[in-house]
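Residue-level structural notes
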Amino acid sequence: MESPKEQSSYTVEQLVAVNPFNPEILPDLENYVNEQVTSQTYSLDANLCLLRLYQFEPERMNTHIVARILVKALMAMPAPDFSLCLFLIPERVVTHLLSLSLIRCTGEDSWSCFELCLQQMEEQFKTLIVLSHYLETGRFQQFWDEAAKNPHILEAVPGFEQAIQAYASHLLSLSYQKVPRSVLAEAVNMDGASLDKFIEHQVANSGWIVAKEDGSIVLPQNEFNHPELKKNTGENVSLEHIARIFPILG
């Protein structure tokens, strides 16, 4: 095992690549999560490495750090990062944390203290799971309503709102050829001048077109909103290849 001095010469990404199961890098990984938040960067590999280390040392698990990891994972949608991270938080780890909370809560109000810890932990992770479900199912109005109820979780991570707006725009582009302005406004949680500015940016950078007749948004063509553009892989299979299969089947 390398000495702390040798390890300090590596970047966090290099530490993860060289020895991802070394518990001594756990503080570096936690600091790196906070660095990702402040610098608005993202490293799924480093965050997954930290969650795996928490599995082996549940008493060192920092729920504040885990919540930040999950929020950053939400911001990476449509990538499946949130599910990957969530699967690395086993029930036994959460149970262990609750038992530690009970030990810390002593005195006359010990049970009230424990109930508060339990409620805070449950609510924090439950909220993020609910938000993830709303995003995956395209229920953006419910998502923004739920997010507004929990600003303490989401406002702590800069760029969250912009990342979800980008995901909403992406999802709309897969579902619509032409989207009404009202649907877009609901999806990105904007209206008025802010929505106008958002649309102008997309027109300039993403190929959106504003229809003159009704102000709706014409989205760029792709194989999802224009199925005729989808490549038919079946057409690439020659008759000769099919003929070779029949004797095998017989």
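As a starting point, this report considers the structure included with it. (Residues numbered from 1 in each chain as written. Predicted model: local features only at pLDDT ≥ 70, side-chain atom pairs only at ≥ 80, totals over all residues. Heavy atoms only, no water.)

In this section: the overall build of the protein chain. Across its full length, the protein chain carries 14 helices and three strands. In the protein chain, once contacts between residues fewer than 6 apart in sequence are set aside, the share between residues at least 24 apart is 57%. Accessible surface computed for the protein chain: about 14,900 Å², of which carbon and sulfur atoms make up 55%. (Helix = DSSP H or I, 4+ residues; strand = E, 2+ residues; numbered from the N terminus. Contact = heavy atoms within 4.5 Å. Areas by Shrake-Rupley, 256 points an atom, 1.4 Å probe, with all protein chains shown as cover.)

Here we take up the packing of aromatic side chains. Counted according to the given criterion, the structure contains five aromatic pairs. Their ring planes at 80° and their centres at 5.0 Å tell us that Phe143 and Trp144 sit as a pair that is edge-to-face. A residue is classified by how much of its surface remains accessible, and Phe143, at 0% relative accessible area, is buried. Grouping aromatic residues by their ring pairs yields a cluster made of Phe143, Trp144 and Phe160. (Phe/Tyr/Trp six-rings, centres within 6.5 Å; stacked < 30°, edge-to-face > 60°. Buried < 20%, exposed > 50% of the residue type's maximum accessible area, 1.4 Å probe, protein only.)

Let us now look at the pattern of salt bridges. Summed over the entire model, instances satisfying the criterion amount to five salt bridges. With a shortest N-O distance of 4.0 Å, Lys149 and Glu146 are connected by a salt bridge. Asp214 serves as the salt-bridge partner of Lys178, at 3.9 Å between the closest nitrogen and oxygen. Here Lys178 is found in strand 1 (residues 178-179), whereas its partner Asp214 is found in the loop between strand 2 (209-210) and strand 3 (217-218), with 36 residues between them in sequence. Taken together, the shared-partner salt bridges connect Lys178, Glu213 and Asp214 into one network. (Salt bridge = Lys/Arg side-chain N within 4 Å of Asp/Glu carboxyl O.)

We now examine the sheet that holds strand 1. Backbone hydrogen bonds are what pair the strands of a sheet, in a parallel or an antiparallel way. Spatial ordering of the open sheet is given by 1-3-2, a layout of three strands whose pairing is antiparallel. Every other strand in the sheet has two partners, leaving strand 1 and strand 2 as the edge strands with one partner each. (Pairing = 2+ DSSP bridges.)

Below, the discussion takes up the nonpolar core. Leu29, Leu128, Phe143 and Leu184 are the most contacted members of the largest nonpolar core, which has 62 residues in total. In terms of residue count, helix 5 (residues 63-75) provides more of this core than any other element does, nine residues in total. Residues contacting Leu184, with those up to four places away along its chain left out, are Leu172, Val179, Leu195, Phe198, Ile199, Trp208 and Ile217. (Core = buried A, V, L, I, M, F, W, Y, C linked by side-chain atoms within 4.5 Å.)

Attention now goes to the environment of Asp145. With respect to the helices and strands, Asp145 occurs in helix 9 (residues 140-148). When its relative accessible area of 43% is taken as the criterion, Asp145 is described as partly exposed. Once the C-alpha coordinates of Asp145 and Leu131 are considered, the two residues, 14 residues apart in sequence, prove to be 9.8 Å apart.

Structurally, Ser132 is set in helix 8 (residues 110-136). With relative accessibility at 4%, the residue Ser132 sits in the buried group. Counting along the chain gives 49 residues from Ser132 to Ser83, while the straight-line C-alpha distance between them is 8.9 Å. The contacts of Ser132, once residues within four sequence positions are left out, are Leu74, Met77 and Phe82.

Looking now at the layout of surface pockets. Quantified by volume, the largest pocket comes out at close to 250 Å³. Breaking the lining of the largest pocket down by element, the ones donating at least two residues are helix 9, helix 10 (151-154) and helix 11 (160-175). When the residues that make up the lining of the largest pocket are grouped by side-chain class, the tally is eight nonpolar, three polar and two charged. (1 Å grid on protein atoms, 1.4 Å probe; cavity = no way out; pocket = protein on both sides within 12 Å on 5 of 7 lines; lining within 4 Å. Points joined across faces, edges and corners; volume = space filled by probe spheres on them. Nonpolar A, V, L, I, M, F, W, Y, C, P; charged D, E, K, R; others polar.)

Moving on to unusual backbone geometry. The residue after Met77, namely Pro78, is reached through a cis peptide bond having omega 20°. One non-glycine residue with positive phi stands out, namely Gln40, at about 55°. Tracing the backbone shows Gln40 in the loop between helix 3 (26-39) and helix 4 (44-56). A relative accessible area of 52% means that Gln40 is categorised as exposed. Located in the positive-phi region is Asn189, a residue other than glycine, with phi close to 60°. In this fold, Asn189 is placed in the loop between helix 12 (181-188) and helix 13 (192-206).

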